Amino acid sequence: MSSITRRKFLAGSVLAAGGMSWLLKSRTMQAFAAEVDKRYDFKAGTWIPTCCHMCGGTTGILCQVVDGKVIRIKPNSANPCGFSNISDDFFKNCATEGATMCPKGNSGMMTLYDPDRLAKPVRRTNPKKGIGVDPGWKEITWDEAYSEIAARMKKLRDAGTPEALLWFSEDHCFTHIQGDFCQLFGTPNYSNHSNLCDTARKASFKAVIGDERPLMDAIQSRYILLFGWNPLGATKWAHLPRIMTRARERGAKLVVVDPYYSSTARKADEWVPIRPGTDGALALAMAHVIIRDGLQDKDFVEKWTYGFDKFSEYVKDKTPAWAEKITTVPAETIERIARDFATTQPAVVDVWSGPGQHENCVHGGAAIACLATLTGGYDRPGTLHLPNKKGNAHGHLHADKPKAPRFADDNKLYPMFHGSGVYCEIFKQLAEGKGKYPAKMAMIVFQNPMMSLPGTETVAKALASLEFVVVNDIFLSETSQFADIVVPGTTYLERYDWNTHWVTWPVLALRQPVVKPIFGQPAEYEFVAELGRRLDLRDKDNKEFFKIGPLSGQPIENLTAWYEDYFSAESKNGAPKLTLEEIKALPGAVWVDKGGTKYGKFKSELKAEDVAKATIVKAKVGDLEIEQIFDKPKDQGGKRIGTMIDGKAVKGFMTPTGKVEFVLNCLTGKKDAEGKSCSDLPVYTPRDWQPDAQYPLFLINWKEATHTHTRTQNNRWLLEFKPDNPLQINRKTAERLGISDGDQVVVESKFGSAKAKAHVTEEIHPEVVGLQHGFGHWAMGAAAKGRGTSDGILRPLRADPIGGQALHKECCVRVKKA
């Protein structure tokens, strides 16, 4: 297919036809700024509040729109996300200090106006599928795309096999409507991105405290201990650099445990280089020191924990000397850090994806969570906070749950199965021709599993095995190359979403279109609703779900208007009790609960009237009988609201005992996905894949604020910051291998090989090599293609056997000059 023909359905030709050819030439930040300065009056236009989604950080932003074009983006100081996750800090200081945003957020316009965006639907003409195979795209109309997709879906439903449809999506954007569609259609196989990211952390903390997402209160802490997290470099949320900087200005000590000398490690008082996958052993040795020396918070441990004696017995022989042999961290360092952490209060310890993407991640993360338990480090100022995430409310869907089980993954296989599913298990069983029944069709929305999963060749085989694949994306990505139809999606600047934000108290912010979709394409939620209409999907009351507005109760023909009604119902029925239009009218289009951050919520007694209406369930936990309190009977969807402790109905922690658990009762008697018995203690077990004579080096990867996953490598502005991802290799290791800085090298594992450019440095553990995740595209766009290294080919398609987290960091390799 000629490049001229190809351009007709890409954004470049559409933007040029729309009088924006100047933009296509202004690909550097400096050139763009000069052109905008020449063409637009910076005092003109409108500033529209919305929320960023260049990554999942959802920072509040303001967009200046002139003549229907976005010309500037800046932080929105009415929105806490971008300033602080603690309410007192936000209320007192944001007006004078102002919010911040990261490089990705500043580059959003370049993704909106990327010339390589897909502008029109296309259909495959080449039936052969594989890596590097030209799909032979042919432009089709939207009606043709809808008709063929709906016909394929209808065929599955008419045959009584709706479960043969697999659906994959990003984990934040328009998930509710996709979940509703799948339930109405009859497939249980709706999965999303979370299991590629942080479900191990969620499982670890859920096992210990019953809450998947505690948030670090850094700004009020005096000692910050981080395991495998780079908040100053990866900048998961734009407020992290500020709150950590303020804490450091106030005298807080920062210690970073990481094989890589990350941006956060560079700003720390101490960098502790560690052998990958051994963080749990270090945490257990620290616990040994704290308990041995009687440094634990005795009052908290006695009143609010379960299993301390059994845990104490387990760590008796987990000495710093024991841990040194495993981790390479000197015993005296472990002793000192343990004592400092326990005696410098308030202290906060946190763990993210560094330790969370090895097969021992759940128990290792639980061991780290137990350090916080020993020091009473939950829901107090300066510790790990259990956030109140009240925001929008997903409306109740009056429809039966799908009858079929999930295709490959469920809580019977994975004892701490997450609702996002297990991508690795699904694609593995597809590739092997297994599964509980044949899967025939996939809908993939805003996802690129060919680049974001380990085991690239297995993922390719899985996608090629399906009869029909639909991709909704803004680019013709690597996954799109396996699709039968690809339809253009939208960027965050062209669509709606609610954001409950990464703060500790109730906040609901609006993401809204600041410009209309620039190719006239439907937003993803409109695409889903149109398919629902064509399939005549109805609820149990025989209502046309995708036509009757849930708030108005009236038929709404226009798709955008119908979705606005659906969307507005979520805020009206949620914590704000406000409609979409009412939230648009708020300062910065964000609802902020004036009650602010609350501490010690686990101690609070339930209201007598709530207890009177509640259902109390007696549960046997070990040798205890625990009275758990639910707002209504469990078989009616009752939600746990508390526990009877010492004769009082208190909120407690949402664990089986209502207390923080050193003994992980949720794993008692369970087997993991590989058939192994799960320990109910936060044990250290070495991962299976270790370096050997043939593959002597650990390979890890990481993320930085210059790019998001595999999504932004076509953004020309971000490429000015980070054009590729050289392989970091320790100087001593490089000398031993005869490798110099800048050399082209081959990285080989027992699963595959990849080429990379070496960067020789002191900033990585000598047993480890590593690189930034996300590069190595062979499709997507002209700027991304052929740039840097993808390491997915070097790993198998494997998940953590307890929670289903994809194992992005478990790999051993050899490196040699190319």
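Right above here is the structure, for reference.
Report follows, based on the coordinates.

Scoring rules and cut-offs
- Residues numbered from 1 in each chain as written.
- Predicted model: local features only at pLDDT ≥ 70, side-chain atom pairs only at ≥ 80, totals over all residues.
- Heavy atoms only, no water.
- Helix = DSSP H or I, 4+ residues; strand = E, 2+ residues; numbered from the N terminus.
- Polar contact = N/O pair within 3.5 Å; in protein donor to acceptor, adjacent residues only side chain to side chain.
- Contact = heavy atoms within 4.5 Å.
- Pairing = 2+ DSSP bridges.
- Axes fitted to C-alpha atoms, helices over the stretch in contact; angles between N-to-C directions.
- Phe/Tyr/Trp six-rings, centres within 6.5 Å; stacked < 30°, edge-to-face > 60°.
- Buried < 20%, exposed > 50% of the residue type's maximum accessible area, 1.4 Å probe, protein only.
- Lys NZ or Arg CZ within 6 Å of the ring centre and 35° of its normal.

**Things to note about the side chain of S84**
Phase 1 of the analysis: Relative to the elements of secondary structure, S84 occurs in the loop between strand 3 (69-75) and helix 5 (87-97).
Phase 2 of the analysis: Separated by 3.2 Å, the side chain of S84 and the backbone nitrogen of I86 make a polar contact.
Phase 3 of the analysis: Polar contacts involving the side chain of S84 include one to the side chain of D89, which spans 2.7 Å.
Phase 4 of the analysis: Excluding its chain neighbours within four sequence positions, the residues that come into contact with S84 are D89, F90, H239, R242, I243, V503 and W505.

**As for the sheet that holds strand 1 (residues 46-51)**
Phase 1 of the analysis: Here we have three strands laid out as an open sheet, ordered 1-2-3, and antiparallel in their pairing. Strands with a single pairing partner mark the edges of an open sheet, and in this sheet they are strand 1 and strand 3. Adjacent strand axes in the sheet meet at a mean angle of 30°, parallel and antiparallel pairs treated alike.
Phase 2 of the analysis: For strand 2 (residues 60-66) and strand 3, the ladder comprises six bridges, and the chain directions are antiparallel. Bridge pairing links V65 to V70 in strand 3.

**Points about the environment of D800**
Phase 1 of the analysis: Along the chain, the position of D800 falls in the loop between strand 30 (768-772) and strand 31 (812-817).
Phase 2 of the analysis: A C-alpha to C-alpha distance of 8.4 Å links D800 and A673, two positions 127 residues apart in sequence.
Phase 3 of the analysis: Other than its neighbours up to four places away in sequence, D800 contacts E359, C361, V362, Y414, Q805 and L807.
Phase 4 of the analysis: A distance of 2.8 Å separates the side chain of D800 from the backbone nitrogen of I802, its partner in a polar contact.

**Regarding the packing of aromatic side chains**
Here the distance between the centres and the angle between the planes together describe a pair of aromatic rings.
Phase 1 of the analysis: For the structure on display, the rule yields 40 aromatic pairs.
Phase 2 of the analysis: Both rings, one in F90 and one in F91, keep their centres 5.6 Å apart while their planes meet at 55°; by these two values the pair is tilted.
Phase 3 of the analysis: Here F90 falls in the buried class, since its relative accessible area comes to 8%.
Phase 4 of the analysis: Classification of F91 as partly exposed rests on a relative accessible area of 35%.
Phase 5 of the analysis: Between the aromatic rings of Y146 and F527, the centroid separation amounts to 5.8 Å while the plane-to-plane angle is 25°, which identifies the pairing as stacked. Placement of Y146 in helix 8 (residues 142-158) and of F527 in helix 22 (residues 524-534) is noted, with a sequence separation of 381 residues between them. By the burial criterion, Y146 is buried, and F527 matches it.
Phase 6 of the analysis: Positioned above the aromatic ring of W137, the side-chain terminus of R124 is 5.9 Å from the ring centre.
Phase 7 of the analysis: The aromatic ring of W502 is capped on one face by K389, whose charged end is 4.5 Å from the ring centroid.

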